[in-house]
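Notes for the structure review
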Amino acid sequence: GSIVQHLASYGDVDIRGVFEGPAGLLAIEEAGACGDSWVQGLLTSRDGVTWQTVDMGKAFGKAVIWNVSGGSTGFVATDTIGQAVWTSQDGRSWRPVKLDSPVFARSRIDDGTAFSAGYVLVGSTEVTGARSCAVSVGDPSAAPTPTPTPPSRLPTVWWSADGADWVKAQLPGAKPDYTIHMWVR
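Throughout what follows, the structure given in this document is the object of discussion. (Residues numbered from 1 in each chain as written. Predicted model: local features only at pLDDT ≥ 70, side-chain atom pairs only at ≥ 80, totals over all residues. Heavy atoms only, no water.)

1. Quick notes on the overall build of the chain
- Within the chain, the secondary structure is distributed over two helices and 14 strands.
- Partitioning the contacts of the chain with sequence separation of at least 6, the portion at a separation of at least 24 is 52%. (Helix = DSSP H or I, 4+ residues; strand = E, 2+ residues; numbered from the N terminus. Contact = heavy atoms within 4.5 Å.)

2. What about the pairing of strand β10 (residues 118-126)?
- For β10, the buried fraction is high: nine of the nine residues fall into the buried class.
- Of the strand pairs in this sheet, strand β9 (residues 107-115) and β10 are connected by eight bridges, and their pairing is antiparallel. For R108, the partnering residue across the bridge sits in β10 and is S124.
- Bridge count between β10 and strand β13 (residues 153-160): eight bridges; the pairing is antiparallel. Within the sheet, the bridge partner assigned to Y119 lies in β13 and is S160. (Buried < 20%, exposed > 50% of the residue type's maximum accessible area, 1.4 Å probe, protein only. Pairing = 2+ DSSP bridges.)

3. Some thoughts on the pattern of salt bridges
- Enumeration according to the criterion identifies three salt bridges in this entry.
- Across the pair R16 and E30 runs a salt bridge, and its minimum N-O distance is 3.3 Å. Residue R16 is located in strand β1 (residues 14-21), and its partner E30 is located in strand β2 (residues 24-33); the two are separated by 14 residues in the primary sequence.
- We note a salt bridge from R108 to D110, for which the minimum N-O separation is 3.1 Å.
- Judged by its relative accessible area of 3%, D110 is buried. (Salt bridge = Lys/Arg side-chain N within 4 Å of Asp/Glu carboxyl O.)

Below is the structure:
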């Protein structure tokens, strides 16, 4: 009757974590290769004894899910490239966050979670006007060739009470950099 007995029929499964949300428990199955890992499956339970498998294709389409986290408000899932986020109250039905809204302009989402007051997403936003070019000279007789450098990014946090309306929060003292990756727990 335990989650271990339920998962025995799935072969080698790595359970990365179990989160408690408003409608019960959500267990995260993890897979990996070449030093990287991703979410392979999700299981929900109301009582911790009986578990149901979530249809990943129905929930997330063809997206590869990087992280799932949650708390008393619900659950958050993020994809591997930081361009898609979903929220859920029960772990079975997932709703995409509209990342094309102005509050997410030029943003990449790295991680998310839920807690008693709502949902939190973390990532970075491209700093406008920060693109620069370095000059590389391969042949001294040739004209210099500009080489674009990546844009500078600023660490960013977003918050929502309901998973639909989002507010961008300022991080005091945060400094821009070319490579930023954030996590939240």
